[in-house]
Amino acid sequence: MLGLRLGALVEDLSWMKATDEDLIFFDYCSLFQNDHFHPDYEEGVPLPPGHEALRTETEEALFQTAKRYMDVIFASSMVKVLVMPEIYDIQKIMQSHGKLIRPLKQRYIERG
């Protein structure tokens, strides 16, 4: 279930004649993430600094830098934006992973 979107992306990139030299930025998923599937992770409960489910200091710095320049990525005339309009059943996806998590609803700059 979790590979559906990746499979669709590969299909669309093939249709667009993307090559091995093309760079792909898959929106927020391309950035370093905290591990929401870690057994210690609980929505709304902060983990101690340095916990293995959190981004490292280096990853956090890169994450914050990327968020600040998100508008540049999408506004550049050199970037082709591929819109994938398929809507997946998020409840099935989350439950199939063995742990119900909530999708993020914050703006990029507020995400952690």
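What you see is a predicted model, and the numbers here were worked out from it, not measured in a lab.

J.: Just to check I follow, could you spell out the overall build of the protein chain for this structure?
T.: When its secondary structure is counted, the protein chain shows four helices and zero strands. By residue count, 20% of the 112 residues in the protein chain fall in the buried class. Nonlocal contacts in the protein chain, meaning residues at least 24 apart in sequence, comprise 62% of its contacts between residues at least 6 apart. Of the accessible surface of the protein chain, which amounts to about 9,000 Å², a share of 58% is contributed by carbon and sulfur atoms.

J.: When you look at the environment of Thr58 in this model, what are you seeing that I'm missing?
T.: Structurally, Thr58 can be placed in helix α2 (residues 57-68). Note on Thr58: relative accessible area 56%, which makes it exposed. It is 9.9 Å that separates the C-alpha atoms of Thr58 and Phe32, two residues lying 26 residues apart in sequence.

J.: Would you take a moment to explain the packing of aromatic side chains for this structure?
T.: In this description, a pair of aromatic rings is defined by centroid distance and the angle of the planes. Enumeration according to the criterion identifies zero aromatic pairs in this entry. Between the NZ or CZ atom of Arg55 and the centre of the ring of Phe63, over which it lies, the distance is 3.7 Å.

J.: What am I meant to see in a nonpolar patch on the surface here?
T.: Residues Phe74, Met78, Val79, Val81 and Val83 make up a contiguous nonpolar surface patch of about 530 Å² in total accessible area. Position of Val81 relative to the elements: it lies in the loop between α3 (70-75) and α4 (90-96).

J.: Before we go on, may I ask you to explain the confidence of the model for the protein chain in this structure?
T.: Across the protein chain, pLDDT averages 78, with 73% of residues at or above 70. Across the protein chain, element-level confidence peaks in α2 with a mean pLDDT of 91 and bottoms out in α4 with 66.

J.: What is the right way to read unusual backbone geometry from this model?
T.: Most peptide bonds take the trans form, and the phi angle of most residues other than glycine is negative. Not every positive phi belongs to a glycine, and Lys17 is a case in point at roughly 60°. With respect to the helices, strands and loops of the structure, Lys17 is situated in the loop between α1 (4-15) and α2.

J.: When you look at α1 in this model, what are you seeing that I'm missing?
T.: An α-helical turn contains 3.6 residues, so a residue and the one three or four places further along point in the same direction. The terminal C-alpha atoms of α1, which comprises 12 residues, lie 17 Å apart, in line with the 16 Å expected from a rise of 1.5 Å per residue. Listed as buried for α1 are Ala8, Leu9 and Leu13. Each buried residue of α1 lies within a common arc of 135° when the element is viewed along its axis, so the set occupies one face. Away from the buried face of α1 by more than 90 degrees, exposed residues Val10, Glu11, Ser14 and Trp15 are located.

Criteria and thresholds
Residues numbered from 1 in each chain as written. Predicted model: local features only at pLDDT ≥ 70, side-chain atom pairs only at ≥ 80, totals over all residues. Heavy atoms only, no water. Helix = DSSP H or I, 4+ residues; strand = E, 2+ residues; numbered from the N terminus. Buried < 20%, exposed > 50% of the residue type's maximum accessible area, 1.4 Å probe, protein only. Contact = heavy atoms within 4.5 Å. Areas by Shrake-Rupley, 256 points an atom, 1.4 Å probe, with all protein chains shown as cover. Phe/Tyr/Trp six-rings, centres within 6.5 Å; stacked < 30°, edge-to-face > 60°. Lys NZ or Arg CZ within 6 Å of the ring centre and 35° of its normal. Patch = residues over 30% accessible without salt bridge, like charges linked within 9 Å, V, L, I, M, F, W, Y side chains within 5 Å. Salt bridge = Lys/Arg side-chain N within 4 Å of Asp/Glu carboxyl O. pLDDT = per-residue confidence, 0-100. Expected span 1.5 Å × (residues − 1). Arc of directions from axis to C-beta.

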